[in-house]
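Single-letter residue listing:
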Amino acid sequence: MSKGIVYLIGAGPGDPSLITLRGVECLKKADVVVYDYLANEQLLSHAPETAERIYAGKIGGRHNQGQDEINNLLVEKGRAGKVVVRLKGGDPFVFGRGGEECEALRDAGITFEVVPGVTAAVGASAYAGIPLTHRDITASVAFVTGQEGKDKNESNIDWDRLSLGGGTVVFYMGVTTLRRNMLRMVEHGRSPATPVALVRWATTPCQQVLVGTLADIADRAEESGFKPPAVTIVGEVVALREKLQWFDKRPLCGKKIIVTRATEQAGEFSAALAARGATVLECPTIRLVEPENWQLLDMAIRDLPEYDWVVLTSGNAVRYFFQRLNTLGLDARALAGCRICAVGPKTADEILSFGIKPDLIPSDFKAEGVVDEFSRLDMHNTRVLFPRADKARDLIPNELKRLGAHVDSPVAYRNFLPERLPPETLFALEKRSVDCITFTSSSTVQNLAAMLGEELMLDMLKGVAVASIGPITSKSCRDLGLKVDIEPQAYTLQSLAESLETYFG
Ligand code: SAH
């Protein structure tokens, strides 16, 4: 039996990209992950699918599992020879009880390692635009628990020094005890006018910042119903936020946007929107499936030397086509004699990733643009291969035939409806909290209508801005009774993201 080891890993404050490389490395080899309420669950995707996942959350002091139980669990799994990751919000050694867990492991003779994380105060400081120290303002900072002395009359905190020292003070776990702690600082000599910021769910799309002073922050928090988890930053540095705020100033900040695409392709567009501050709800409306049989495509692939042109009008077509080429034991060289047309730059990039530079990209990135380019060439008696989706329009084959070409258009993949919408998306639509929905092809909007029913879709999308990638998709939206609010000049995801930015900016 291999020797067990327990890694105590700081998950960072919330944004899943704020974990360390070392933390991810450990997660990748975990047999067991024991994670907290404050550790972002998305981080679990780094662990092998087979890893056991154990939730050991503690919500607002209500311990779902006592600390002893957690210690025992870590010891037991370590003894069983497992690679255990104990994933803790922020940093394991800052108010994380990581010290106690290490002591228990040490007493039991289990090997452990500790991987630091970005603690909440540091995450909140960066993402709220409040430097914790500043050459002109303060040279020290203290991290203090807001819960200390709750049940005792005596306090371990030296309130005099904390209040009079002039340094920045960050309280953890201090929302419910906010009024008492702010009062104490004033009683012990800090000016009531000292600026204070509460930062909730720091570094996540739900981040909220409330600014006030020692004198009024508790009232403000009460009025706005401010809830944990939050850190409270006290000190003159808070005033810098006015100049240094950036996270909540990004153009799509606070906007909830639905991305309707096939799951396989949503990632990049969603990331572009998230980078602009949006909360993205991915809502697959297409499920891609292989053709019923490969016969026609296989015949065409074996016949590739006979074709003059191969026309590819989507990333999916490219991927399915090349996948099949590989399955048949061939590679890009099979296309040596053909010229390649890509409908737009995105599809061209996809083709390039298989080692081929397209010969033709129309200036108008759609089927009409392809036809337009070909109408300038002599297509008489040329042979064109157009691998496509089962539900694609017939425009390209029909028009190229009219120009005298012989066109074969075998199905390379099929589009299906997913069984249902993701629950978070439905919930957000029902709560009317969605700002915008994006459609990147006719089938995304048609499929949504098919999944929800036209009437329900129209009702659910009342007050939601509709963004469409181009005129064909927009027409499909209008045919279903939707008004299109956003349509970029160029029909690319990049331009669509930019148009959203302009619209909401
Ligand atoms: N080990 C953690 C702290 C755990 S104590 C760390 O290093 O950050 C729990 C407290 O951390 C919460 O009550 C809150 O004060 C703070 N906290 C954790 N994550 C936070 C977040 N994303 N935003 C604001 N405060 C957070």
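That block above? That's the structure.
Quick caveat, the model's predicted, so the values are computed rather than measured.

A. Broad picture of the sheet that holds strand β23 (residues 465-468). Across the sheet, which stays open at both edges, the four strands sit in the order β14-β13-β22-β23 with parallel pairing between neighbours. With one partner strand each, in any of the chains shown, β14 (279-282) and β23 form the two edges of the open sheet. In this sheet, adjacent strand axes meet at a mean angle of 25° when their direction is disregarded. As paired elements, strand β22 (residues 436-439) and β23 share four bridges and run parallel to each other. Within the sheet, the bridge partner assigned to T438 lies in β23 and is A467. Packing of helix α15 (residues 423-430) onto the sheet brings it into contact with β13 (256-260) and β14, and relative to β14 it is tilted by some 120°. Set on the sheet, helix α19 (residues 493-504) makes contact with β13, β22 and β23; between it and β23 the angle comes to about 150°.

B. Spotlight on the side chain of T194. Here T194 is to be found in the loop between α6 (178-187) and β10 (195-200). Accessibility expressed as a relative area gives 1% for T194, which makes it buried. Polar side-chain contacts of T194 include one of 2.5 Å to the backbone oxygen of S191. Setting aside residues no more than four positions away along its own chain, T194 makes contact with G212, T213, L214, V234, G235 and E236.

C. Inspection of the sheet that holds strand β21 (residues 411-416) at higher detail. Across the sheet, which stays open at both edges, the three strands sit in the order β15-β21-β19 with mixed pairing between neighbours. A single partner strand is all that each edge strand has here, and the edge strands are β15 (287-289) and β19 (388-389). Taken together, the three bridges between β15 and β21 define a ladder with antiparallel strand orientation. Within the sheet, the bridge partner assigned to R287 lies in β21 and is F416.

D. Main features of the nonpolar core. Counting 27 residues, the largest nonpolar core has L304, V310, L312, F321 and L335 as the members making the most contacts within it. For this core, the elements supplying multiple residues, two or more each, are α10 (295-302), β16 (309-312), α11 (315-327), β17 (339-342), α12 (345-352) and β21. No other element matches α11, which puts six residues into this core. In contact with L304, not counting residues within four places along its chain, are V310, F321, L325, A334, L335, C338 and L385. Counting residues in hydrophobic clusters, the runner-up holds 22 residues, among them L429, L448, A449 and V466.

E. Representation of unusual backbone geometry in the model. Backbone torsion omega between P228 and P229 reads -5°, so that peptide bond is classified as cis. Within the secondary structure layout, P229 lies in the loop between α7 (217-223) and β12 (230-234). Of note in the backbone geometry, R432 takes a positive phi value of approximately 60° without being a glycine. Relative to the elements of secondary structure, R432 occurs in the loop between α15 and β22.

F. Expanded view of the pairing of β16. Taking every second residue as pointing to the same face, both faces of β16 are buried, with W309 and V311 on one and V310 and L312 on the other. Note that β16 and β17 share four bridges and pair parallel. Each residue of the ladder has a partner; that of W309, found in β17, is R339. Direction of pairing for β16 relative to strand β18 (residues 383-385): parallel, over a ladder of two bridges. Directly across from W309, in β18, lies its bridge partner V384.

G. Broad picture of the site of the ligand. Near the ligand, the surroundings consist of 18 residues, among which P13, D91, V94, T119 and A230 are the closest. Contacts to the ligand include P13, whose backbone N or O atom sits 2.7 Å from a nitrogen atom. A distance of 2.7 Å is found between a nitrogen atom of the ligand and a backbone nitrogen or oxygen belonging to V94. Protein chains shield 92% of the accessible area of the ligand, which is 540 Å² for the free molecule. Residue classes in the shell around the ligand are distributed as 13 nonpolar, four polar and one charged. For the shell around the ligand, the two domains that each supply at least three residues are domain 1 (5-118) and domain 2 (122-249).

Cut-offs applied
- Residues numbered from 1 in each chain as written.
- Predicted model: local features only at pLDDT ≥ 70, side-chain atom pairs only at ≥ 80, totals over all residues.
- Heavy atoms only, no water.
- Pairing = 2+ DSSP bridges.
- Helix = DSSP H or I, 4+ residues; strand = E, 2+ residues; numbered from the N terminus.
- Axes fitted to C-alpha atoms, helices over the stretch in contact; angles between N-to-C directions.
- Contact = heavy atoms within 4.5 Å.
- Buried < 20%, exposed > 50% of the residue type's maximum accessible area, 1.4 Å probe, protein only.
- Polar contact = N/O pair within 3.5 Å; in protein donor to acceptor, adjacent residues only side chain to side chain.
- Core = buried A, V, L, I, M, F, W, Y, C linked by side-chain atoms within 4.5 Å.
- Near = heavy atom within 4 Å.
- Areas by Shrake-Rupley, 256 points an atom, 1.4 Å probe, with all protein chains shown as cover.
- Nonpolar A, V, L, I, M, F, W, Y, C, P; charged D, E, K, R; others polar.
- Domains from an automatic or database assignment.

Keep in mind these numbers describe shape, not what the thing actually does.
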